[in-house]
Amino acid sequence: MNLLEGFPRQKIVFFTGSGISKESGIPTFRDEDGLWKNHNPEELASVSGFFENLEIALEFINNLRLKIYNAQPNHAHQIIAALEQNHDVTVVTQNVDDLHERAGSSKIIHLHGEFAKVTSSLRRMDPQCIRNVPMNVPIKVGDKAADGSQERPAIVMFGEYLPEEAVEAAEKALREADIVVVIGTSLKVYPAASYIGYASNYALKYIIDPGEPNYTAYDFTHIRKPATEGIDTCLDLIASQL
């Protein structure tokens, strides 16, 4: 297992998307067979649609949370976590699952929020209204946040801004990184996809994805493999360039 042992300590940022979790059995949203193929995102994942279709939206969300609960971190998640033994590793993720946490990563920035938490439907960023809820425990109609409003998943829905604190932390990590590895994202979801542009011109930069992600504006080496295969190829390339 190549964990880049014996090299000077590097600042490594992994920028991850749904493709890394797909290999753990969590469906993506935008693939041809993704979740939005049979569901209208405006009805289930926008703020207005969520409350207009509350029971249906919560059923959809709870089913997905249960799939995440039953999934396990895969080889890519585990390697990213294990690299902390030798390097300063930060994960910037678009994913709302907790597989990086369960794999053992300790520095994780969730750009789009977390399904493992719920919050207020009126004040989603209020720390007093955010609490952890195991993903095998459903969110129900009538569950109240600390401010008395209906609880909802602590995720970024369509039409909402990304958390400023997460955005600032992600930008800082990418600017300071010696190595940036993008895994499992089409880089078509904005504004998050644009953040890889903050990576230094001097950083080693790789993108692991079996498809054709939108990275042409950035100087990345494309490893055309799924996450669980590409992670090992990527680390071998890094070792040859350090």
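Residues numbered from 1 in each chain as written. Predicted model: local features only at pLDDT ≥ 70, side-chain atom pairs only at ≥ 80, totals over all residues. Heavy atoms only, no water.

Chemist: Honestly, the packing of aromatic side chains in this entry has me stumped. Any pointers?
Modeler: Where two aromatic rings form a pair, the distance of their centres and the angle of their planes describe that pair. What the rule picks out here adds up to 2 aromatic pairs. Measuring from ring centre to ring centre gives 6.3 Å for Y195 and Y198, while their planes differ by 40°; the resulting arrangement is tilted. Judged by relative accessible area, Y195 falls into the buried class, the value being 7%. Residue Y198 is classed as partly exposed on the basis of its relative accessible area of 31%. (Phe/Tyr/Trp six-rings, centres within 6.5 Å; stacked < 30°, edge-to-face > 60°. Buried < 20%, exposed > 50% of the residue type's maximum accessible area, 1.4 Å probe, protein only.)

Chemist: What is the right way to look at the sheet that holds strand β5 (residues 131-132) in this model?
Modeler: Note on sheets: strands pair through backbone hydrogen bonds, and any given pair is parallel or antiparallel. Taken in spatial order, the 3 strands line up as β5-β4-β6 in an open sheet, and their pairing is antiparallel. Across the chains shown, the open sheet's two edge strands, defined by having one partner strand only, are β5 and β6 (151-155). Looking at chain direction, strand β4 (residues 113-120) and β5 are connected through 2 bridges and run antiparallel. Note on β5: the bridge partner recorded for V118 is R131. (Pairing = 2+ DSSP bridges. Helix = DSSP H or I, 4+ residues; strand = E, 2+ residues; numbered from the N terminus.)

Chemist: Help me out: how do you make sense of the side chain of T93 in this one?
Modeler: Topologically, T93 is positioned in strand β2 (residues 88-93). There is a polar contact of 3.0 Å between the side chain of T93 and the backbone nitrogen of N95. Those residues in contact with T93, other than ones at most four positions away along the chain, are T16, H100, I108, I109, H110, L111 and H112. (Polar contact = N/O pair within 3.5 Å; in protein donor to acceptor, adjacent residues only side chain to side chain. Contact = heavy atoms within 4.5 Å.)

Chemist: Just checking my understanding: could you explain the nonpolar core for this structure?
Modeler: When a protein is soluble and globular, its nonpolar side chains tend to lie buried together. In this structure, F14, I80, L83, V181, I183 and I238 are the most contacted members of the largest nonpolar core, which totals 24 residues. Secondary structure elements with two or more residues in this core: β1 (11-16), α5 (75-82), β2, β7 (179-183), β8 (204-208) and α8 (227-241). Per element, the largest residue contribution to this core is 5 residues, and it comes from α8. The next biggest cluster of nonpolar side chains, apart from the first, holds 22 residues, and it includes I109, A177, V182 and L187. (Core = buried A, V, L, I, M, F, W, Y, C linked by side-chain atoms within 4.5 Å.)

Chemist: Teacher, can you tell me more about the pairing of β7 here?
Modeler: Every regular strand shows the same layout, with side chains that alternate between the two sheet faces. Among the 5 residues in β7, 5 count as buried, and that is most of the element. Going residue by residue along β7, you find I179, V181 and I183 tucked away on one face and V180 and V182 tucked away on the opposite face as well. As defined by bridge partners, β1 adjoins β7 across 5 bridges and the pair is classed as parallel. Counted as the bridge partner of V13 is V180 from β7. Bridge analysis of β7 against β8 gives 5 bridges, and the strand direction is parallel. Bridge assignment links V180 to a residue of β8, and that residue is K205.

Chemist: In this structure, what is going on with the side chain of T90? I would like to understand it.
Modeler: Relative to the assigned elements, T90 resides in strand β2. If sequence neighbours within four positions are ignored, T90 has contacts with I12, V13, F14, K107, I109 and A173.

Chemist: Mind showing me how you'd approach the pattern of salt bridges here?
Modeler: Where charged atoms of side chains with opposite charge meet at close range, the side chains can pair. By the definition in use, this model includes 12 salt bridges. A salt bridge links D88 to K107, with the shortest nitrogen-to-oxygen separation between them at 2.7 Å. Of the two residues, D88 sits in strand β2 while K107 sits in the loop between α6 (99-103) and β3 (108-110), which places them 19 residues apart along the sequence. When its relative accessible area of 22% is taken as the criterion, D88 is described as partly exposed. Note that E114 and K117 form a salt bridge whose closest N and O atoms lie 3.2 Å from each other. Overlapping salt bridges bring together K11, K172 and E176 as one network. (Salt bridge = Lys/Arg side-chain N within 4 Å of Asp/Glu carboxyl O.)

Chemist: Please explain the sheet that holds β1 as it appears in this structure.
Modeler: With parallel pairing, 6 strands are arranged side by side in an open sheet as β3-β2-β1-β7-β8-β9. Two strands lie at the open edges of the sheet, namely β3 and β9 (221-223), each paired on one side alone. Direction aside, the axes of adjacent strands within the sheet are offset by 20° on average. (Axes fitted to C-alpha atoms, helices over the stretch in contact; angles between N-to-C directions.)

Chemist: Looking at this model, I keep getting lost on α5. Mind explaining?
Modeler: Two residues of an α-helix separated by three or four positions point the same way, owing to the 3.6 residues in each turn. Counting buried positions along α5 yields 6 of 8 residues, so the element is predominantly enclosed. Taken together, the buried positions of α5 are A76, H77, I79, I80, A81 and A82. On its buried face, α5 is in contact with β1, α1 (18-22), β2, α6, β7 and α8. Sitting at the head of α5, N74 places a side-chain oxygen 2.9 Å from the backbone nitrogen of A76.

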